[in-house]
Each structure stands twice: as structure tokens, then as C-alpha cells.
Amino acid sequence: MNFLRGVMGGQSAGPQPSGAETVQKLCDRVASSTLLEDRRDAVRALKALSKKYRLEVGSQAMEHLVNVLQTDRSDSEIIGYALDTLCNLISNEVEEEEPDESEEENVQKTSSEDLAGQFAEIYIKQQENLTLLLSLLEEFDFHVRWPAVKLLTALLKNQGPQVQQIILVSPMGVSKMMDLLADSREVIRNDGLLLLQQLTKANAAIQKIVAFENAFERLLDIITEEGMSDGDLWKDTNSVARFNNEWQMKYCRLRPGSYIQRTKPWFEVAEDNSGWSAQKVTNLHLMLQLVRVLVSPVNPPGATSSCQKSAFQCGLLQQLCTILMATGVPADILTETINTVSEVIRGSQVNQDYFASVNAPSNPPRPAIVVLLMSMVNERQPFVLRCAVLYCFQCFLYKNQKGQAEIVATLLPATIDANSISAGQLLCGGLFSTDSLSNWCAAVALAHALQDNSIQKEQLLRVQLATSLGNPPVSLLQQCTNILSQGDKINRRGSKEQTRVGLLMLLSTWMTNCPIAVTHFLHNQTNVPFLTAQISENLGEEEQLVQGLCALLLGICIYYNENSLENYTKEKLKQLIEKRIGKEIFIEKLAYISKHELYSRAGQKPQPSYNSPEQMLFDHDFTKLVKELEVLITKAVQKSSEDEKKEEEVKKSLEQHDSIVNQYKELIREQDLQLNELKKQVTALTNQNEHSQTTITQQASQIQQLRDQYNLLKVQGKPLDSQHHIHNEAAQINGIQPKDTEEIGRLQEEIEELKKQHNVLEGQLAEKELEINKLRAAQSTGNLAEVGTEIAGDQPTDQHKLVGTAEALVRDNDSDSAATKTAQLENRLSVLDDENKMLKDQLKMLTEEKKSLDQQLASTNSTIAILETDKRKLQQEVTESKKEQDDLLVLLADQDQKIFGFKNRLKELGEPVEDEDDLESADQEDDDDDDDDDPN
């Protein structure tokens, strides 16, 4: 203990040991002492010497301090001393003994940073050391947890990437740091926020882990617990707002809408707006910055649009507009609120419509847009506030054709109200005021009202301005050109670079892709000579930007010229450039725009961000327009008349080919419809054919069976009733209805009966003919008795009439003469012949009916054959249609190949070519392009 007292400043006799010797003795004490109290006192002494003798302590004691962390975990006091000592070694902070910095102190600061980086590298060389430090974060003791947080923060500041990699592979490493946000002790929680800020810097993997650990919800809870805008949370909120933008963007992509809803209570400001303390101003300013992070244009389009939609639905936009229109709001809060509202409504039609309906609490009420524009064109307002209003107006008109039409309509003669101030009147007033910044802001604002809207560009040509009493009104376009060309005579307004740049940007935006505006501009005979004179003059560097913009405007007159004016056709304007200026000089002047130092700065993000009004020369959207037009104008000026003719021919050829392709497309569409109809028919006929095939197969099987039965019956000699049954079955097979089948059966029965009668009659007829022959023979011989007896003996039962007649002839032989009896027999035979003839006629008629029935059966079989033929024809037609479609597709492919070749030729000649696929996907790509081109 006496040794320690001597080290700590106690009186001792003899020479004092050096700092290195003292540190060495203390290190030996830490390593060799068996008592915990001795080691604790030695570590406390090293902590006291670690700032003054930093190099000695770091080089000799670091290993012993790490051993203390490993072996003395049970004693929180010695662990806290060891952590404080390591934090003093690795931290970049230099002990400030005097307030004034000298050269010697600067050298000390530099060497301190070098030592911190070296000691941090030595500490993390062993990965176990960092793992040990992460485990100490779990200790609840304040004297252990707080120095552990500070030491880990210092390590991340000096060896960030290396420490981040070790934490990534450590189990639950990030989660242990996230637990610091739940600590009830404010100092640990605040330093834990700073630790998270260093941890997530430029590391996407850790950013994702922290995101899934619900860090944002915990931070929002902290802000709410601390009293939101009225609480003492500036350090907490500042840590939130200073989080890496990339981390915020990825995190907010998960649940963007819910975070917007959580921020709504922050902006519930009292109506009197009295007592704006510095703490409240700081808190609300940082809260607004946090909302801007969620709706930033550089975020993914889906996340930004979701946050904008949620801001309107939960009422956040309404609260921001209330703050915007309230009185007594500090200037910096008002400026940041305007910027926040700007990004909340940017590109969101619903939010833009709501903002257009907001009125200021004035008498009479005025639209919020009008009130803001009054501030923008008022030169007594702060510069940052005027820039914020311009940005708000640009965001209101961004992709808002409805808003653009409303702004332009306030300038048209039919809608002007003399009793009220409109947005258009304020813009015109600012455009022609004596303040150059008001000129520039009004010109840029009016240019945004025309951006990508050809209809409003034509409408603005109708605007007429009254210049002075007794003089006729002039158009707005003419007045802008008059100020440019006659600026020296009108209070030298045109000589101010900012005013001229603003007017040239307005005219360039107005005339781009608007041939009617180009014709109106060229109709004034003084405009082209003014532009050529400005471009051809040898002026200083300050005027080169104006010369470049004049070259851009003249190039627009060439590229979008419809050759409606004979004196200013494309060819004559190019000849004028070649004679008065020279093509090389013209292109050089044009290229100076993109080489200007403020051009690239304006192209970085859409929000105007300048340190002074003199730096406001370029608008963000105008830089994109220049980038597009510079290439087109350069090629248009360099082209010869022959090249233009060739391009015209190529364009016509492409148009013809496009029309041919469209015709083929229409033809293919029609054929597709026909093919679909044919496919449906083929499907129906295929089903019908399958059904017919099944029916035919069944019929063939049944017919074969009936044939077998018929042949069997024919062999066995059975009666025709069986054959009648077979015919009935055959009739059913051939599709004959049951009613027809009964009729056919009845007729067949009649035929069979008639056949039987026919056979009987034929037998009777043969017998009668034989009998007649015998009777005639007996007549010739006179032996009628024998004939009668013979006839009677031959047919005793069947021929009763003949027998009776023969007996009567025998009995009356004596009384009647033989001639009379013979005449009677002949009469009888004649009657029998008639009856026989009649039976033959009936038989013939029945035979014809049988043939008719046979023909019906044959017709049924013929119908089946016709269906088979139709099926084959339809299949052949389908095959021919497919072949014809394949030929058309081959022809279309050849046509597309030719078109592709022509488009490549056009691209080689420098002409812009738009593909149909690009046109079809223009809406989505416009969003992506705007996001890429509008970084925050």
C-alpha cells in the first residue's frame, strides 16, 4: 500500500521513478498479487495513468487487463477499472488542459488517433477479446455495462469493418447491443444509440439484423416515453435521424406505413404556438427530418408511395399543413415543415389534391399555394424559406397534370379574377420584378407547370400581358424574349445573369417538343438575330453560360422546327449557324452548359440546396433536359441535307413497314380468332366423330351378330318371324325410330302373309290350269264323266266346287248339252285368271314397298359415310390453316428482322428510336428513372 501511495502522489524520499517504470511495477503487481484488493488497487492506478502515460500503459498493461476481464468476473469494481483503462487507451479523445489549441496540441491529437487505432487493432487481434467484451454487455451492473458500451463504441470507430465482421459471427452479438435500448438508465440507453449508429454504418448485413430486431419500434418508443416534441430527447432523436440512410431505407421498406402512423402524435402542436423553447424547436426539427427519411424520393418507389398514402390516411399530412399555415412558427421549423410537406405530396395524386384544397386562415381565405408563392417572390423573406417554397411548388406539380392545368388556367384571360390574387399572377409578377432571384424562381416554377405537358405549353401561348397604357397587349412568350433582347433598356434587368438564365430555361422547357411554340418564337424577326449575336460574341467566362443557353434555344428551334416559316426552315437555320457562328463553335458553346460547376450540383437531387442566391442558376429537372437535348441538337446541326433526306426515307420506310407489320398483326389476330373458332368446331366434330365411331362399331358388331343369326336361321329353315326380329334389330341399329320400326314390322308381316297367299294361289292356279287342260281334252273326246270323276278323285277336299260341277255335268248329261257346260267351265276359269292377275299386282306392289325400305336402310349407311367424309375434310382444313399461320409467322419474323436493321441504321445515324416494348412499359420505367435521377 505504501508503494501505491507513492505512485498516486504521496511523499517519498529519493528520486521518483519514471512513468514506464511505474507502469511496469503496476503490471507486475496485477500479474503476481494473490489478493484481489491488491490487484484492484493496481488496476485503479493504471486507470489513473492511462491518459498521461497512454503509450506505456497500452504497450505493457493491455494483456494484463484482458486477463483481469477473464479471471476476475466476480468483482464488478475491478472489471469496471479495467474497462475504463482500455477505453482511455482506445478512445480518440485527448485530455484538454487548455482551451486554446496550439500546434503542439494538434500533433498530440494526431498521435492520439494513431495510438487509438494501433491499440484497437492489438485488442481485436484475438477474436476472443471482443467476444469477452460482448459477454460483459449482459452484466446489469452500471460500473461494468457502461464502460463496456463506451469501449465497444471506441473499437467500432477505430476498427469498424473488422469489429463488424467479428460481431456478425458472434452468437447473439447484435441482440446483446439491442438490449441496451431497453435499459432504464438514460446514459446507457443514449450511449447504446451511439453504439448502434457506429455498428450499422456501411454494413448491409448488420443493418438487416438490426431491422429484424425491431430497432425502429424501440427508438420510437423511446421518443414517445420522453415526451415527444416537449421532451428532453435531442440526443436520442439526433441519433435516430443520423442513422445511415441506406439502413433506414432498407428498414422502412418492411413496414413503412406503421412508422408514419407512429410519428403522427409528435406534431400535435398547441393552437397558441406560444413558448417555442430551443429544446422543442430542436426536437421538432429532427422529427421532421425523420419523416422525410420515410418519404424520401431516393427510397424504393413502393415504400415511398406507401408512406405517402399512410400519411394522408392517418392525418399526418393534415397536421403538417396546419403547422405550415399556423402563425408564430419559428422560421427554421416552418422551412423544414415546407420541405417535409413537399416530399409527402411529391408524385402522390391524392396528397397533391388535398394540398391544393388547403386554405390559409386569412380573411378572405387564400389557398396555401398562393400564400407560399407570395413568400417565394418576396425578396424580404429568408433565402432558405424561398428555396423551400420553390421545392414545395415543384413537388406539387411533379407528375400532376391536373395541378399544371390549374396553374396555367389562372393566367388565361377567361379565368382571371381581378378581385383576387392567383398563382399565375404571382408567377408573372415575380418573372418581371426587379429582384433577380424572384425572376429565377418564378421562371423555374412556371417551367415546372409546363414540364412534359404539351397541352399546357400550347395553352400558355394564349396568355396576353398589358405592358403599358395605350399599347396593345403582348404574349407572354413575346414579353420573355423582349426582356432578353432589350434588357439593357429596361432597368438593365436582362443584364443580370440569374434573370437571363431563368428566362432561357423557361423558354427552352416551353419550346421543347412543342413545334407551335417554336413557330411563335421564330415568327418574331428579332429573336434569331439576337440569339446568333449572343452566341457569336467573344464574352467573358461569366457570359459563357448565357451563350450556351442561347445555343440550346437555337438548337431547339432547329430540332423541333416544322418548316412552316420559309425564312427559318431547318436548313436555313443550319446555314445561318455555319456562316455566322460556325458549327464547331456552336457545339462548343452548347457543351459549356454541362461543364459548368453548378450544373452537376443541381443534378444531384431535386431539392434546391445552395449557400447563397448567386449560386441558384440550374434547376434539377432542367439538367436532365439538357442532357437529353445536347446529343439531339449536336447531331441535328452536324447532319447534312442528304443525311436528313436519307433519314426521312428511312423513317417513311419504317412507317410503311410498321403499317405492314400492323396489317399482319391484324391479320394474325383475325386468323387467331378463326383458328380458335375452327378449333372449337374441330373439337365438337371430333367428339361427334368419336360418338359416331362408337355407334358404328356397335352397329357393325350387332350387324355381324344379326347376320350370323340370319344365316343360322336360314340353314335351320325356321320361319320368317325370326327374320322379322332380325330386321327390327337392324332397323334400330340404323337409327330408325321405334314408330317407324313398328310400321316396317307391320308391313313385313303383311308381306309375309301375302307371300303365303301368293304361294297358295300359285299352287291353286297351277292345279286349275291342269284341270282346265283336262277339261279341254275331255271336251274334245266327249268323256266329261271321266274327267269329272278323275277331278273329284284327285281333289276330294280342296276343289269342292269343281267336283260339284263335274257331278252335275254327269247327272245332267242327258238333259244339257256338252257345249253349254263347257262354256260355263271356261267362264269359271276366266274369273280365276282375273283373281290370279289381281294377286300378282298386289305381290308386285308389296315387292316395291320392300325395295323402298331397303333403300332407307342404304340411306342410313350413306349418311354415316358422309359424316366420315366431312370429318376428313375438316381435319384437312385445320392442317392447311396451321400451315398458313406458320407461313405468316415466318413472314412476320423476316419483317421484324428488316425493321430491326432499319432501327439500328437509324441509331447509327443518331436518330432517336423508340421501341414498342419501351412504350408499353413507359409508366413503370418513368418511376424508376425519376427515382434514380432524383436522389435526396
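Residues numbered from 1 in each chain as written. Predicted model: local features only at pLDDT ≥ 70, side-chain atom pairs only at ≥ 80, totals over all residues. Heavy atoms only, no water.

### Digging into the overall build of the chain
Moving on, step 1. A count of helices and strands for the chain gives 44 helices and four strands.
Moving on, step 2. Of the contacts made within the chain by residues no fewer than 6 positions apart, 71% connect residues no fewer than 24 positions apart. (Helix = DSSP H or I, 4+ residues; strand = E, 2+ residues; numbered from the N terminus. Contact = heavy atoms within 4.5 Å.)

### Focus on the packing of aromatic side chains
Moving on, step 1. The tally for this structure, following the rule as stated, stands at five aromatic pairs.
Moving on, step 2. Their ring planes at 65 degrees and their centres at 5.9 Å tell us that F312 and Y354 sit as a pair that is edge-to-face. Within this pair, whereas F312 is found in helix α18 (residues 301–313), its partner Y354 is found in helix α21 (residues 349–357), the two being separated by 42 residues in sequence.
Moving on, step 3. Above the ring of W146, the side-chain terminus of K150 is found at 3.9 Å from the ring centroid.
Moving on, step 4. Here the basic side chain of R185 rests over the ring of F140, its NZ or CZ set 4.1 Å away from the ring centre. (Phe/Tyr/Trp six-rings, centres within 6.5 Å; stacked < 30°, edge-to-face > 60°. Lys NZ or Arg CZ within 6 Å of the ring centre and 35° of its normal.)

### Details of the side chain of S422
Moving on, step 1. Mapped onto the secondary structure, S422 falls in the loop between α24 (401–409) and α25 (423–431).
Moving on, step 2. Classification of S422 as buried rests on a relative accessible area of 14%.
Moving on, step 3. Not counting chain neighbours up to four residues away, the residues in contact with S422 comprise V370 and T410. (Buried < 20%, exposed > 50% of the residue type's maximum accessible area, 1.4 Å probe, protein only.)

### Looking at helix α4 (residues 54–71)
Moving on, step 1. Between its first and last C-alpha atoms α4 spans 24 Å; for 18 residues at 1.5 Å apiece the expected length is 26 Å, and the two agree.
Moving on, step 2. At A61, α4 shows its maximal bend, which comes to roughly 60 degrees. (Expected span 1.5 Å × (residues − 1). Bend = angle between axes of the 7 residues up to and from the residue.)

### Thoughts on the packing of helix α7 (residues 127–136) against helix α9 (residues 160–169)
Moving on, step 1. At a closest axis distance of 10 Å, the pairing of α7 and α9 adopts a crossing angle of 70 degrees. In terms of orientation, α7 lies roughly perpendicular with respect to α9. In this structure, α7 crosses over α9, and the sense of that crossing is right-handed. Contacts between α7 and α9 involve Q127, L130 and L134 from the first element and V163, I166, I167 and V169 from the second.
Moving on, step 2. Taken together, the residues that form the contact of α7 with α9 break down as six nonpolar, one polar and no charged. (Axes fitted to C-alpha atoms, helices over the stretch in contact; angles between N-to-C directions. Parallel < 35°, antiparallel > 145°, perpendicular 65-115°, else oblique. Left-handed = near helix turned anticlockwise from the far one by under 90°. Nonpolar A, V, L, I, M, F, W, Y, C, P; charged D, E, K, R; others polar.)

### Focus on the pattern of salt bridges
Moving on, step 1. Under the defined criterion, the tally for this structure stands at 17 salt bridges.
Moving on, step 2. Linking R39 and D72 is a salt bridge whose minimum nitrogen-to-oxygen distance equals 3.1 Å. Note that R39 is positioned in helix α3 (residues 36–49) and D72 in the loop between α4 and α5 (76–90), a separation of 33 residues in sequence. For the pair R39 and D72, a shared accessibility class is recorded, and that class is buried.
Moving on, step 3. The residue R500 makes a salt bridge to E543 at a minimum N-O spacing of 3.5 Å. With a gap of 43 residues between them, R500 in helix α29 (residues 497–511) and E543 in helix α32 (residues 541–559) connect regions that are remote in the sequence.
Moving on, step 4. R500 sits in the buried class, given a relative accessible area of 8%.
Moving on, step 5. The exposure class assigned to E543 is partly exposed, which follows from its relative accessible area of 23%. (Salt bridge = Lys/Arg side-chain N within 4 Å of Asp/Glu carboxyl O.)

### What to know about the packing of α21 against helix α23 (residues 383–397)
Moving on, step 1. As a packed pair, α21 and α23 sit with axes 9 Å apart at the nearest point and diverge in direction by 125 degrees. By the angle class used here, α21 and α23 are oblique. Contacts between α21 and α23 involve Q352, F355 and A356 on the former and, on the latter, C392, C395 and F396.
Moving on, step 2. Its residues assigned to classes, the contact of α21 with α23 comprises five nonpolar, one polar and no charged.

### Regarding the state of the cysteines
Moving on, step 1. Counted according to the given criterion, the structure contains zero disulfides.
Moving on, step 2. Cysteine C387 remains unbridged, with the sulfur of C441 as its closest cysteine sulfur at 6.3 Å.
Moving on, step 3. Exposure remark for C387: the relative accessible area of 7% places this residue in the buried category. (Disulfide = S-S within 2.5 Å.)

### Things to note about the nonpolar core
Moving on, step 1. Formed by 135 residues in total, the largest nonpolar core has its most connected members in F267, F355, L431, L476, L552 and F586.
Moving on, step 2. Not counting residues up to four positions away in its chain, the partners in contact with F355 are C321, L324, V341, I345, I369, L372, C392 and F396.
Moving on, step 3. C27, L69, V144 and I167 belong to the second-largest nonpolar core, a separate cluster that totals 62 residues. (Core = buried A, V, L, I, M, F, W, Y, C linked by side-chain atoms within 4.5 Å.)

### Concerning unusual backbone geometry
Backbone geometry follows two general trends: most residues other than glycine have a negative phi, and most peptide bonds adopt the trans configuration.
Moving on, step 1. In this chain, N363 is followed by P364 through a cis amide linkage whose omega measures -5 degrees.
Moving on, step 2. Within the secondary structure, P364 is located in the loop between β1 (359–360) and β2 (366–367).

### Structural notes on the environment of S433
Moving on, step 1. As for its position among the elements, S433 is in the loop between α25 and α26 (436–450).
Moving on, step 2. Remark: the alpha-carbon pair of S433 and N378, spanning 55 residues in sequence, is separated by 10.0 Å.
Moving on, step 3. Engagement of the side chain of S433 in a polar contact is seen with the backbone nitrogen of D435, the distance being 3.5 Å. (Polar contact = N/O pair within 3.5 Å; in protein donor to acceptor, adjacent residues only side chain to side chain.)

### Comments concerning the confidence of the model for the chain
Moving on, step 1. Chain-level statistics for the chain give a pLDDT mean of 79 and a share of 76% at 70 or above.
Moving on, step 2. In this model residues 94–107 is a low-confidence stretch, pLDDT under 50, and it forms seven contacts with partners more than four residues away in sequence or in other chains.
Moving on, step 3. Low pLDDT (under 50) marks residues 488–495, which in the prediction has eleven contacts with non-local residues, meaning those over four places away or in another chain. (pLDDT = per-residue confidence, 0-100.)

### Considerations on the environment of L316
Moving on, step 1. Residue position: L316 is located in helix α19 (residues 316–325).
Moving on, step 2. On the accessibility criterion, L316 (0% relative accessible area) is buried.
Moving on, step 3. The contact partners of L316, leaving out residues within four places of it in the chain, are I260, T263, K264, F267, V291 and A311.

### Remarks on helix α11 (residues 186–199)
Moving on, step 1. The end-to-end C-alpha distance of α11 is 20 Å, a good match for the 20 Å that 14 residues give at a rise of 1.5 Å each.
Moving on, step 2. Burial analysis of α11 places eleven of its 14 residues in the buried class, which makes it a mostly covered element.
Moving on, step 3. Of all the positions in α11, only I188, R189, N190, D191, G192, L193, L195, L196, Q197, Q198 and L199 are classed as buried.

### With respect to the side chain of N439
Moving on, step 1. Residue placement: N439 occurs in helix α26.
Moving on, step 2. The contacts of N439, once residues within four sequence positions are left out, are G430, L431, F432, S433 and T499.

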